[in-house]
Amino acid sequence: MKLEAMIWDVDGTLVNSEELHRFAFNRAFKEFALDWRWSRRTYRKLLDVTGGKERIRFYVKLSSMSEGCLAIPLEELHARKTEIFHDRIQNGDLALRRGVKTVLDQALNNGFRLAIATTTTLSNVETLFESGVLSSWQWEVVVAGDQVERKKPAPDVYLEALRRLNLSPKRCIAVEDSENGLMSALAAEIPTIITTNAYTRYQNFDGAVAVLEDLGETTKMLGVGHFEAWHAAALALVP
Ligand code: XBP
Ligand code: MG
């Protein structure tokens, strides 16, 4: 079955954005006089909880507080975090990860359809488009975490992307960075490539077609043809 579409995760995959998310969370906490500061070490653990609002809610419970003790509604705190994140993207603080541009260019030259399936908010993805980071390519489908009922590791964003693409999972390949993302894509039966980062390097990627530091090596050595080889290998593995 021919590879027809690539479905990309955003945070940690297209862009190394989690440090900027962590900065935005900490800046919002400071603005609301909360004496919270998420270190890299804490954030690595909190990233097991997908979704910024869910992550804050989990942290409140972890600190054995009740959401009621927050001086401001959690939604307002997360909304301010998102505004800070947007400002930094518009300042040009985010760029594509190594090798991503080359793979996207080659994907388009090979007629692959492009889609996004992310846990972050649609407004964050739109800001990435407005900043120019993603706008050099035709993205046919964008599914964000606030458009589906359940966030990753549930398959909802990938199932919705397949529905909008009107493609079977076996005609696609997903690109992810985290165990939650891999579980989500595999639950939708999509062959998945992992590119790790500092936050996800030691997670469990059983079931991935390939696990890479980043796409730089691929494009240098083999280009997008490698994706088709991985895709064929993955199809050979699934019943
Ligand atoms: C990563 C996430 C998001 C971001 C924070 O999404 O889990 O929650 O960490 O963004 P993905 P929000 O890797 O699926 O792109 O605060 O907007 O949730
Ligand atoms: Mg990710």
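In what follows, the structure referred to is the one given above.
Rules used throughout
All residue numbers refer to positions counted from 1 along the written sequence of the respective chain. Note on labels: chains are lettered from A, ligands numbered from 1, in written order. Reporting of local features is limited, given that this is a predicted model, to residues whose pLDDT is at least 70; pairs of side-chain atoms are given and counted only at 80 or more, and all residues count toward the totals for whole chains, interfaces and linings. Computation of side-chain values: all heavy atoms of the structure, hydrogens and water removed. A single heavy atom is enough: if one lies within 4 Å of a molecule or strand, its residue is considered near that molecule or strand. Any N or O atom pair separated by 3.5 Å or less is treated as a polar contact, with the protein-specific requirement of one donor-capable and one acceptor-capable atom, and with residues adjacent in sequence counted only for side-chain atom pairs. Computed with the Shrake-Rupley method and a 1.4 Å probe, the accessible areas treat only the protein chains shown as cover for residues. Lining residues are defined by having an atom within 4 Å of a point belonging to a cavity or pocket. Those points lie on a 1 Å grid over the protein atoms alone, cavities being sets where a 1.4 Å probe fits but cannot get out and pockets being open sets with protein on both sides within 12 Å along at least five of seven lines. In this description, a molecule resides in a pocket or cavity if more than half of its atoms sit within 2 Å of the grid points defining it. Strands here mean DSSP runs of E at least two residues long; helices mean DSSP runs of H or I at least four residues long; both are numbered from the N terminus. Gly is placed with the polar residues, together with every amino acid not listed as nonpolar (Ala, Val, Leu, Ile, Met, Phe, Trp, Tyr, Cys and Pro) or charged (Asp, Glu, Lys and Arg). Note that the domain bounds were set by an automatic or database domain assignment. Only strands that DSSP links by at least two bridges are regarded as paired with each other. Fitting a line to C-alpha atoms yields each axis, with helices limited to the stretch in contact; the angle taken between N-to-C directions then spans 0 to 180 degrees.

Chemist: For this particular structure, what's the right way to read the site of ligand 1?
Modeler: Around ligand 1 lies a shell of 20 residues, among which Gly52, His78, Lys81, Thr118 and Thr120 are the nearest. Glutamate 18 is positioned with one of its side-chain polar atoms (N or O) 2.8 Å from an oxygen atom of ligand 1. The fraction of the free accessible surface of ligand 1 (440 Å²) that becomes covered by protein chains is 96%. Mapping ligand 1 onto the cavity grids shows that it belongs to the largest pocket. For the shell around ligand 1, the secondary structure elements donating two or more residues are helix 1 (18–31), helix 3 (52–62) and helix 4 (74–90). By residue number, the principal contributor to the shell around ligand 1 is helix 1, which donates three residues. For the shell around ligand 1, the per-class residue count stands at four nonpolar, ten polar and six charged. Shared between two domains, the shell around ligand 1 holds at least three residues of each, these being domain 1 (5–17 + 94–236) and domain 2 (18–90).

Chemist: Looking at this structure, I do not really get the sheet that holds strand 3 (residues 139–143). What am I missing?
Modeler: One key point about sheets: their strands pair by backbone hydrogen bonds, in either a parallel or an antiparallel sense. The strand order across the open sheet built from six strands is 3-2-1-4-5-6, with neighbouring strands paired in parallel fashion. Pairing within the sheet leaves two strands with one partner each, and these edge strands are strand 3 and strand 6 (210–212). Strand-to-strand twist across the sheet, computed as the mean angle between neighbouring axes with direction ignored, equals 20 degrees. Across four bridges, strand 1 (residues 5–8) lies against strand 2 (residues 113–117) in parallel orientation.

Any functional reading would require information that these geometric values do not contain.
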